[in-house]
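Notes for the structure review
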Protein chains: 2
Amino acid sequence: MATIKDVANAANVAVSTVSLALRGDPRVRESTRRRILEIAQELQYRPNGAARDLKTRRTETICVILHDLGGPFYSELLLGIQDVATANDYNTIASASIGGKNGSAVRWLLERRVDGVIVLAPEIDNETIIRAAGPDLPVIVLDRDLVAKHVYSVRVDNEQGGYKATRHLLEAGYRDIIFVSGPADTLDSELRYRGYEMAMDEFSAKKSKRFDYMGKFTEEGGYTVGKVIASQGTLPEAVFAANDEMAIGLMRAFGEKGIQIPRDVAIVGFDNIRISEYVRPALTTVRQPMYDMGSVAAQMLFAALAGSSDLNPVTLPAELIVRQSSVRGMYV
Amino acid sequence: MATIKDVANAANVAVSTVSLALRGDPRVRESTRRRILEIAQELQYRPNGAARDLKTRRTETICVILHDLGGPFYSELLLGIQDVATANDYNTIASASIGGKNGSAVRWLLERRVDGVIVLAPEIDNETIIRAAGPDLPVIVLDRDLVAKHVYSVRVDNEQGGYKATRHLLEAGYRDIIFVSGPADTLDSELRYRGYEMAMDEFSAKKSKRFDYMGKFTEEGGYTVGKVIASQGTLPEAVFAANDEMAIGLMRAFGEKGIQIPRDVAIVGFDNIRISEYVRPALTTVRQPMYDMGSVAAQMLFAALAGSSDLNPVTLPAELIVRQSSVRGMYV
DNA sequence: TCTACGGATCGAAACGTTTCGATGTGTGTG
DNA sequence: CACACACATCGAAACGTTTCGATCCGTAGA
């Protein structure tokens, strides 16, 4: 494979001249520049990124670490990030956090192959992130409770979202509302529950306990919980599920038992995944501003890259989206 | 930032010893190795990936270039790729092809920052791919009609899929079946149409012309086409849409006109995106084996990396999934 | 004609690793 | 006691760039 040296030899100029020429530096005469370009083309010269990165100590690339690539949820987030990155002439790559501690993602964090990282992946632990972050590797954490040097955080207000969802049900007249939580260790679920508590207290309604109904954040998880709820003596008036996947699982379980939504039980989810609009009845949910989150995160990253170091954590508001699953007396 | 040299100095050993120690080479004594590790820890030493890549001339990373990250469609594909990559101790990154010719993705193709590339992005042109591929950068193209040196192809049998979908409708007794195509320039749509033709000919049914109904491969596109169809004098008996998104758009348009599916019109889509299962009536469609496609592509890539160069193109079969939207006399 | 200067090009060092041949040390064998 | 040998460590070159100061050349000003 041709290197810059080969090009220099073939063109009878110094290596440095080729380097300058390729970069379009005005110091090299136009005629020689054209000649060099031509020869480079002929030799199929392609620069070696690693060498350049090594020398310049910058990669002009940022990395987004996600739980799994292609989750429907991430599409908008990535778009928000990419728009900002592109505007800054930066490249964006995405990497899945699969493999955990010694997996793929860690090498992007630890081996300085990128200039900055945005992390939305619960299974990467705080310690790793703190170790990775440094003066020349800012890290933006999404939806994570972590403050550390060179680590900056952007979050969605899950608590307020949970509050909105619950209050919506309360205002519709429901009082016996249960909360179906995600796995015990997720912060998101916890915060949504706190919002639920706050609203329930405000209306002096009786809360379900934190761990009464706990699922796996997947449709299957919701389905299982739904079966349990349905087989108990009395149904609740409404259910607030910690995310849409679970809400949809609940709907399926209820459907199989002949329980009608929202007539018999109202349901509210969280996340506004694309399916929630298509499910019947369409699911009332809370939308997280994913595009904004991506965009804000990327902007903070570039601010950090530019030298700012006192970036305050940002919290973005969530938005209630009312559909049929929570509207009393509506059928499909 | 501490380098290997700093560690060597602090430990009073040569740089090469540190290098060996870190890699766990048995040549360095266990006691010194532990000492070095400890000092590295203390100094917060982190290897410089660029330097290593430069020296070893391998990155142990493959890159997947997709149209947009996070399309629901890609999730499985990436999983298939990652599983194989991980088994080979390789890392996987994904990059969006946004930006086209001089965009982000191109640098992964052209600047040798990865060991191999898998491309599923129509907007990257053949020329770029051919230029990028070389003895030390095999490229696997997905769903693309391209043969070239160091370029290998994996495809789904779109034609057979289109045939299956159409034949299914024909066997259900429909004869007046129209085909709603994607944008003119996409190969996939074209092939699916050919399958449609084949089946229609076999049953001596009258085909719609290739460009009678053309949408944008999005729900909006399907919706628009649906409006047009609905406002014409007579409805077809059935519609075969070139992908699910469009099929769902069609369903929405028909729904708004009071046209019932499948009673008034049967609908079949293509892709088996997740929503198609939740839409009412659930959409009959053709599943592309995305996981397999990813897995096969990755396997071919590693075969190429290992030196094989005579890898034959692979075509994977598509699978018909019958749901309610095409089953005569079923309502929801 | 000499000097100064700007433009074009060059040469060498540096970036942080890996790797290979060389070197130094201690142990067991004859 | 000399020798060979395995073991542990070292030193230097190389990977392909970028960058900075040096050099060379021709021209304008004195």
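As the structure is a prediction and not an experimental result, all values here were calculated from the model. (Residues numbered from 1 in each chain as written. Chains lettered and ligands numbered in written order. Predicted model: local features only at pLDDT ≥ 70, side-chain atom pairs only at ≥ 80, totals over all residues. Heavy atoms only, no water.)

Focus: the nonpolar core
Membership of the largest hydrophobic core comes to 98 residues, with the highest contact counts inside it found for Leu 77, Ile 140 and Leu 142 of chain A together with Leu 77, Ile 140 and Leu 142 of chain B. Excluding its chain neighbours within four sequence positions, the residues that come into contact with Leu 77 of chain A are Leu 66, Leu 120, Leu 142, Met 290, Tyr 291, Met 293 and Gly 294 of chain A. Ala 230, Val 239 and Ile 273 of chain A together with Ala 241 of chain B belong to the second-largest nonpolar core, a separate cluster that totals 46 residues. (Core = buried A, V, L, I, M, F, W, Y, C linked by side-chain atoms within 4.5 Å. Buried < 20%, exposed > 50% of the residue type's maximum accessible area, 1.4 Å probe, protein only. Contact = heavy atoms within 4.5 Å.)

Examining the side chain of Arg 113 of chain A
Its place among the elements puts Arg 113 of chain A in the loop between α6 (104-110) and β3 (116-120). Of note is the side chain of Arg 113 of chain A, whose polar atom sits 2.6 Å from the side chain of Asp 53 of chain B. Arg 113 of chain A has contacts with Thr 59, Arg 107 and Trp 108 of chain A together with Gly 49 and Asp 53 of chain B, leaving out every residue within four places of it along the chain. (Helix = DSSP H or I, 4+ residues; strand = E, 2+ residues; numbered from the N terminus. Polar contact = N/O pair within 3.5 Å; in protein donor to acceptor, adjacent residues only side chain to side chain.)

A word on the interface of chain B and chain A
The partner chain A presents 50 residues to the 50 residues of chain B that form the contact. Each partner contributes to the roughly 4300 Å² buried at the junction of chain B and chain A, and carbon and sulfur atoms together form 50% of this total. Taken together, chain B and chain A are joined by eight salt bridges. The salt bridge partner of Arg 274 of chain A is Glu 245 of chain B, with a shortest N-O separation of 3.2 Å. Where chain B packs against chain A, one counts 13 residue pairs in polar contact (both at pLDDT 80 or more). Sorting the residues of the side of chain B that touches chain A by element identifies α4 (49-56), α5 (74-87), β2 (91-96), α6 (104-110), α7 (126-132) and α11 (244-256) of chain B as the ones contributing at least two each. Its residues placed into classes, the side of chain B that touches chain A shows 22 nonpolar, 13 polar and 15 charged. (Buried area = accessible area lost by both parts, 1.4 Å probe. Salt bridge = Lys/Arg side-chain N within 4 Å of Asp/Glu carboxyl O. Nonpolar A, V, L, I, M, F, W, Y, C, P; charged D, E, K, R; others polar.)

Topic: the packing of helix α10 (residues 219-231) of chain A against helix α11 (residues 244-256) of chain A
All names here are of chain A. In the contact formed by α10 and α11, the axes pass within 6 Å of each other and the chain directions differ by 40 degrees. Between α10 and α11, the interaxial angle falls into the category oblique. Where α10 crosses over α11, the handedness of that crossing is right-handed. Contact residues: α10 offers Glu 219, Glu 220, Gly 222, Tyr 223, Val 225, Gly 226, Lys 227, Ile 229 and Ala 230, while α11 offers Glu 245, Met 246, Ile 248, Gly 249, Leu 250, Arg 252, Ala 253, Phe 254 and Glu 256. Among the residues making up the contact of α10 with α11, the classes are represented as nine nonpolar, three polar and six charged. (Axes fitted to C-alpha atoms, helices over the stretch in contact; angles between N-to-C directions. Parallel < 35°, antiparallel > 145°, perpendicular 65-115°, else oblique. Left-handed = near helix turned anticlockwise from the far one by under 90°.)

A closer look at the relation of the copies chain B and chain A
Turning chain B through 180 degrees and shifting it by 0.1 Å along the axis lays it on chain A, with an RMSD of 0.2 Å. A rotation of that kind, with that shift, is consistent with a two-fold axis. Looking at chain B, 100% of its interface residues are interface residues in chain A too, so the copies touch through the same face. (Least-squares fit on C-alpha atoms with pLDDT ≥ 70 in both.)

What to know about the domain arrangement of chain A
On domain assignment, one finds that chain A holds domain 1 (4-47), domain 2 (59-155 + 289-316) and domain 3 (158-288 + 321-326). Once you take the C-alpha centre of each, domain 1 of chain A and domain 2 of chain A turn out to be 37 Å apart. (Domains from an automatic or database assignment.)

Let's talk about the sheet that holds strand β6 (residues 177-180) of chain A
Residues and elements named next belong to chain A. Taken in spatial order, the three strands of this open sheet run β6-β7-β8, and their pairing is parallel. The open sheet is flanked by β6 and β8 (266-268), the only strands paired with a single partner. On average, adjacent strands in this sheet sit at an angle of 20 degrees to one another, irrespective of strand direction. Sheet topology places β6 next to strand β7 (residues 238-241); four bridges connect them, and they run parallel. Pairing of Val 180 across the sheet is with Ala 241, part of β7. Where helix α9 (residues 187-202) meets the sheet, its contacts fall on β6 and β7, and the angle it forms with β6 comes to roughly 170 degrees. (Pairing = 2+ DSSP bridges.)

Some details on the protein's contact with DNA strand D
For DNA strand D, the set of nearby residues contains 26 residues, the closest of which are Ile 4, Ser 19 and Arg 23 of chain A together with Ala 14 and Arg 57 of chain B. Take the atoms of DNA strand D that sit within 4 Å of the protein: sugar and phosphate atoms are 67% of them. In this structure, Asn 48 of chain A approaches DNA strand D through a main-chain N or O atom, which is 3.3 Å from a phosphate oxygen. For DNA strand D, a phosphate oxygen lies 2.7 Å from a polar atom in the backbone of Ala 14 of chain B. (Near = heavy atom within 4 Å.)

A short note on the protein's contact with DNA strand C
In the vicinity of DNA strand C there are 26 residues, among which Ala 14 and Arg 57 of chain A together with Ile 4, Ser 19 and Arg 23 of chain B approach most closely. Per the 4 Å cut-off to the protein, sugar and phosphate atoms form 63% of the nearby atoms of DNA strand C. The separation between a base nitrogen of DNA strand C and a polar side-chain atom of Lys 55 of chain A is 2.8 Å. Elements with a minimum of two residues in the surface near DNA strand C: α2 (15-22) and α4 (49-56) of chain A together with α2 (15-23) and α4 of chain B.

Thoughts on the packing of aromatic side chains
Tallied over the entire structure, the rule returns twelve aromatic pairs over all chains. Linked through ring pairs, Phe 179, Tyr 193, Tyr 196, Phe 240 and Phe 270 of chain A together constitute an aromatic cluster. One cation-aromatic arrangement involves Arg 252 of chain B over Tyr 223 of chain B; the distance from NZ or CZ to the ring centre is 4.2 Å. (Phe/Tyr/Trp six-rings, centres within 6.5 Å; stacked < 30°, edge-to-face > 60°. Lys NZ or Arg CZ within 6 Å of the ring centre and 35° of its normal.)

Side note on the environment of Tyr 291 of chain B
All names here are of chain B. By secondary structure assignment, the location of Tyr 291 is in helix α12 (residues 290-305). When the C-alpha positions of Tyr 291 and Ser 153 are compared, they lie 16 Å apart, and in sequence the two are 138 residues distant. Beyond its immediate chain neighbours, meaning those up to four positions away, Tyr 291 contacts Glu 76, Leu 77, Leu 79, Gly 80 and Asp 83.

Focus: α11 of chain A
Residue and element names in this part refer to chain A. Its 13 residues place the ends of α11 18 Å apart at the C-alpha level, agreeing with the 18 Å of an ideal helix rising 1.5 Å per residue. Summarising burial for α11: ten of the 13 residues are buried, a large majority. If you check which residues of α11 are buried, you get Asp 244, Glu 245, Met 246, Ala 247, Ile 248, Gly 249, Leu 250, Met 251, Ala 253 and Phe 254. Residues of α11 that are buried make contact with β6, α10, β7, β8 and β9 (285-287). (Expected span 1.5 Å × (residues − 1).)

Description of the sheet that holds strand β8 (residues 266-268) of chain B
Residue and element names in this part refer to chain B. Strand order across the open sheet formed by three strands is β6-β7-β8, with parallel pairing between neighbours. Of all strands in the sheet, those with a lone pairing partner are β6 (177-180) and β8, marking the two edges. Put simply, the sheet's adjacent strands are angled 20 degrees from each other on average, direction ignored. As defined by bridge partners, strand β7 (residues 238-241) adjoins β8 across three bridges and the pair is classed as parallel. Across the sheet, Val 239 pairs through a bridge with Ile 267, a residue of β8.

Some details on the pattern of salt bridges
Under the definition given, this model contains 42 salt bridges over all chains. Within the structure, one salt-bridge network assembled from shared partners comprises Glu 219, Glu 220, Glu 245 and Arg 252 of chain A together with Arg 274 of chain B.

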